[in-house]
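# Structural overview for review
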Amino acid sequence: MTDPAPAPAPQPLFDTHPRFLALSPGSLVFENRFVVRFLNKLEPEVPAKADYLHARDFLRAYAGWETTYKAYRIQVERLLLWSWLKQGGSVLKLTREDAEAFLGFSREPDMEWVGQAVRRRFIAGEEPGELVPNPQWRPYEILGSKAARKLADETGMPRQAPERYKVTASSLKQAFTICCSFYDFLVGQDRLLDNPFRAIEEPGRFFETRAPSIEGKVLNPLQWAFVIETAEWMAQQDPERHERTLFVVATLFSLYLRISELAGRPDWHPTMQAFQQDSAGAWWYVTVGKGGKERRISVSGELLGYLKRYRLSRKLTPLPQPGENVPLLLKLDGRGGLTDRQIRNIVQKCFDSAVRRMQAEGRGEREVSSLRAASTYWLRHTSASYDAPHRPLRNLQVDLGHAKASTTHETYYGGVAAERTPTGRPRRVKRR
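Reference entry: report on the structure contained in this document.

Further remarks concern the pattern of salt bridges. Following the criterion strictly, the structure yields 18 salt bridges and no others. For Arg372, the salt bridge is made with Glu365, and the minimal N-O distance between the two is 3.2 Å. For Arg372, a relative accessible area of 2% gives the class buried. A cluster of three or more residues bridged by salt bridges with shared partners is formed by Arg96, Glu97 and Glu100.

Spelled out as structure tokens, the structure:
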């Protein structure tokens, strides 16, 4: 008696956002032939093609915004591959017990399913224009600390692979939420009667519930001084390119912005009239945050200075005029609008330059390493941490866009945060 053939190794199913949008709805006609070949390998034991088309219909409903598409793609793809390769059946046949098993697997997946770095899903094949699945891609990946990755890149030293991998509680909660939405969609399409993920009793036991924490995600005053001074130096050296860098860094910091609140959303693209002056002379930044909710954030005098500088570099009047429908950010070729990724790249180049300046001045490795680990989101945490001792809780909550005051209090006014927050507000003008 021969042993059964081993299950195929997991491979990527869904490509980039633009290529996904180019696919024909409800058909595999324009699908990557290597994806179709993979699906055919699973037939007829598993109705992989039908499952795949259901999942594609679902993702199309969330494809209006690239960031959302990517988040949903990751979780739905993992669910499909796990159902097919680990359970050997259709996603339409999963039970509550299977849903719980998937969450358990997602919390600590097999190491064969875990890559040592983020890899492109598809790479160039032998034929012109052909894209083939990247053999190094895996459904899960070990990012490690950003500082360790950048240090390895700087020194050329290989990264050490851990023996086991465990996802974060927030990632697992996101997996549960997206899977619930997927099965709600299937129920709404009359493909199923019940949602196996909603049948799970106390799903919170799969992901820890902890108060939000900013430990290790705040720049100290010296690091922030290096960042903003580096941005100013870059703007002085190359105004055409880096006046925009200085404005982006200063704005994200001063207004506690999430990336999308500066880059925009599918139904909102920031223009210069996002900066508005009220009848009392105070300035506000009007943005659209999570859930499509508009909010007004108070603008400090210091940020107004950076805004004037940026606008003059674009040959505009020092301050915006009512109804000025000019894109807030421009690409270097003069076209309006920047993506989330482009803004992150702008900030990262500033961080990298600040690290090199710290190293050149002989600063300690601990402080250099901490800045090396920083991401764009740290600017929001840093600014709010500096401001918390000087602003009423309610005012900070509104400017941060937190739905609950308890979130702001636990994150920025708790005992640990208060002890860590430096005295004074480096290079800031006191807000209203």
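So, next bit.
Our next topic: the environment of Arg380. Here Arg380 lies in helix α14 (residues 377-387). Arg380 sits in the buried class, given a relative accessible area of 2%. Each C-alpha atom, one on Arg380 and one on Leu400, is 8.5 Å from the other, the two residues being 20 residues apart in sequence. Ignoring sequence-local partners within four residues, the contact set of Arg380 consists of Tyr256, Leu257, Arg258, Arg295, Leu400, His402 and Tyr412.

Looking now at the pairing of strand β6 (residues 283-288). Most of β6 sits out of view: 6 of its 6 residues are buried. By the alternation rule, side chains of β6 split into Trp283, Tyr285 and Thr287 and Trp284, Val286 and Val288, which are all buried. Where strand β5 (residues 275-277) and β6 come together, 3 bridges link them in antiparallel fashion. Note on β6: the bridge partner recorded for Gln276 is Trp284.

What follows is about the nonpolar core. One finds Phe14, Leu79, Trp84, Tyr183 and Phe197 to be the most contacted residues of the largest nonpolar core, which totals 53 residues. Ranked by the residues each element gives to this core, the list is headed by helix α4 (residues 66-86), at 10 residues. If near-sequence neighbours (up to four positions away) are discounted, Phe14 is found in contact with Phe20, Tyr52, Ala55, Arg56, Leu59, Tyr69, Arg73, Glu77, Leu80, Arg121 and Phe122. In this structure, Leu219, Ala231, Met234 and Leu255 belong to the second largest nonpolar core, which totals 52 residues.

Right, let's get into the state of the cysteines. Under the definition given, this model contains 0 disulfides. Unpaired in this structure, Cys180 has its nearest cysteine sulfur neighbour in Cys179, at a distance of 7.5 Å. Judged by relative accessible area, Cys180 falls into the buried class, the value being 3%.

Orientation of helix α2 (residues 33-42) relative to α4, taken along the N-to-C sense of each, is 35°, at an axis distance of 11 Å. The two elements α2 and α4 meet at a crossing, and its hand is left-handed. From α2, Phe38, Leu39 and Leu42 reach across to α4, where they touch Leu81, Trp84 and Leu85. Its residues assigned to classes, the contact of α2 with α4 shows 6 nonpolar, no polar and no charged.

Relative to the elements of secondary structure, Gln397 occurs in helix α15 (residues 393-400). Take Gln397: its relative accessible area is 5%, and that puts it in the buried class. Excluding residues that lie within four positions of it along the chain, Gln397 makes contacts with His402, Ala403, Lys404, Ala405 and Thr408.

Turning to the packing of aromatic side chains, a few remarks are in order. Within this structure, the stated rule accounts for 20 aromatic pairs. Considering the side-chain rings of Phe247 and Tyr310, the 4.3 Å spacing of their centres and the 5° angle between planes classify their relative orientation as stacked. A residue pair is termed long-range when its members are at least 10 positions apart, and Phe247 in helix α9 (residues 239-254) and Tyr310 in helix α11 (residues 301-313) qualify at 63 residues. Judged by relative accessible area, Phe247 falls into the buried class, the value being 1%. By the ring-pair criterion, three or more aromatic residues cluster together here, those being Phe58, Tyr62, Tyr72, Trp82, Phe102, Phe176, Phe182, Tyr183, Phe185 and Phe197. Taking NZ or CZ as reference, Arg60 lies 5.4 Å from the ring centre of Phe20, over its face.

Right, let's talk about the sheet that holds β5 for a bit. Read across the open sheet, the 3 strands follow the order β5-β6-β7; overall the sheet is antiparallel. Each edge of the sheet is formed by a strand with only one pairing partner; in this case those strands are β5 and β7 (294-298). With strand direction ignored, the average angle separating the axes of adjacent strands in the sheet is 35°. As paired elements, β6 and β7 share 5 bridges and run antiparallel to each other. Across the sheet, Thr287 pairs through a bridge with Arg295, a residue of β7.

What counts and how
Residues numbered from 1 in each chain as written. Predicted model: local features only at pLDDT ≥ 70, side-chain atom pairs only at ≥ 80, totals over all residues. Heavy atoms only, no water. Salt bridge = Lys/Arg side-chain N within 4 Å of Asp/Glu carboxyl O. Buried < 20%, exposed > 50% of the residue type's maximum accessible area, 1.4 Å probe, protein only. Helix = DSSP H or I, 4+ residues; strand = E, 2+ residues; numbered from the N terminus. Contact = heavy atoms within 4.5 Å. Pairing = 2+ DSSP bridges. Core = buried A, V, L, I, M, F, W, Y, C linked by side-chain atoms within 4.5 Å. Disulfide = S-S within 2.5 Å. Axes fitted to C-alpha atoms, helices over the stretch in contact; angles between N-to-C directions. Left-handed = near helix turned anticlockwise from the far one by under 90°. Nonpolar A, V, L, I, M, F, W, Y, C, P; charged D, E, K, R; others polar. Phe/Tyr/Trp six-rings, centres within 6.5 Å; stacked < 30°, edge-to-face > 60°. Lys NZ or Arg CZ within 6 Å of the ring centre and 35° of its normal.

Read these as layout, nothing more, since geometry by itself doesn't imply function.
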